[in-house]
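Structural overview for review
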Amino acid sequence: SLERIRTKQLPHNHRSQKPITLVTPRAITTVPKKRPMAASFESGRGHMPFPVIGRIIAHFGQPISSGRIHRGLTIETTASAQIIAPHEGKVAFAGPFRSYGQLLIIKHPGGYHSLLAGMARIDATIGQWVLTGEPTGIMGQTKKVSINGRPHVKKPALYIEIRHKGEPMDPLAWLATTKDKVSG
């Protein structure tokens with residue numbers, strides 16, 4: 001039989017939900033049901049993992065065809081490459097978006113957001129808390145296309161954008177740098 005020695009309520013922050021009670025054979029203990037404490041986004045500057053292994057094909061600030069500038073980073077990947085979260089946070093959007101393929105938006109502490117677009121499949125849901133390095137999706141397959149009548153293989157590409165209070169920032173300032181290839 002269970003003995004009720006005491007009910008202990010552990011401290012929790014104002015955002016946590018109602019505490020849950022864990023029952024053990026000798027005691028009943030109350031533990032708050034909450035998300036993990038988030039590491040500061042700023043503390044990850046220059047140390048965050050790249051969300052995918054691949055080759056950078058377009059940089060932040062680079063001019064693009066329509067007279068605009070590139071607001072993120074584009075990484076060419078292999079077929080079915082695994083995508084990971086660059087920093088922990090809450091999934092704010094997960095689904096198809098215009099011509100970008102599958103779009104994942106992760107809300108981070110301090111008014112930061114990371115946007116990952118171009119995936120074939122997203123493995124996270126809106127409202128889910130994801131951890132740094134947690135798998136969040138899969139890239140698509142290579143495609144055979146014709147450019148000027150010549151056959152060409154188009155590899156999947158992941159678009160990454162980091163925003164602070166809605167303004168895009170250079171993702172390379174936040175991601176851990178490597179010499180030749182990026183790894184995630």
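Within each chain, residue numbers correspond to sequence positions counted from 1 in written order. With the structure being a predicted model, the display of local features is reserved for residues of pLDDT at least 70 and the display and counting of side-chain atom pairs for 80 or more, all residues being used for whole-chain, interface and lining totals. Hydrogens and waters are ignored; side-chain quantities use all the structure's heavy atoms.

**A few points about the sheet that holds strand S5 (residues 82-84)**
With antiparallel pairing, the three strands of this open sheet are ordered in space as S5-S11-S9. Across the chains shown, the open sheet's two edge strands, defined by having one partner strand only, are S5 and strand S9 (121-122). Here S5 runs beside strand S11 (residues 135-138); their pairing, made up of three bridges, is antiparallel. The residue of S11 that forms the bridge with Ile83 is Gly137. When DSSP locates at least two bridges between a pair of strands, those strands are taken to pair. Secondary structure counts use DSSP, requiring at least four H or I residues in a row for a helix and at least two E residues in a row for a strand, with both numbered from the N terminus.

**A short note on the nonpolar core**
By nonpolar core is meant a set of buried Ala, Val, Leu, Ile, Met, Phe, Trp, Tyr and Cys residues that side-chain atoms within 4.5 Å join together. Categorising residues by exposure relies on relative accessible area from a 1.4 Å probe, with only protein chains included: less than 20% of the type maximum marks a residue as buried, more than 50% marks it as exposed, and the intermediate range marks it as partly exposed. Of all hydrophobic cores here, the largest spans 24 residues; its most connected members are Ile83, Leu104, Leu116, Met119 and Leu158. It only takes one pair of heavy atoms within 4.5 Å for two residues to be counted as in contact. Not counting residues up to four positions away in its chain, the partners in contact with Leu116 are Pro51, Ile83, Ile84, Pro86, Gln102, Leu103, Leu104, Thr136, Leu158, Tyr159 and Ile160. Grouped together as the second largest cluster of nonpolar side chains are five residues, Leu103, Ile105, Leu115 and Tyr159 included.

**Here's the deal with the pairing of S11**
Examined bridge by bridge, S9 and S11 share two bridges and lie antiparallel to one another. If you follow Ile122 over to S11, its bridge partner there is Gly137.

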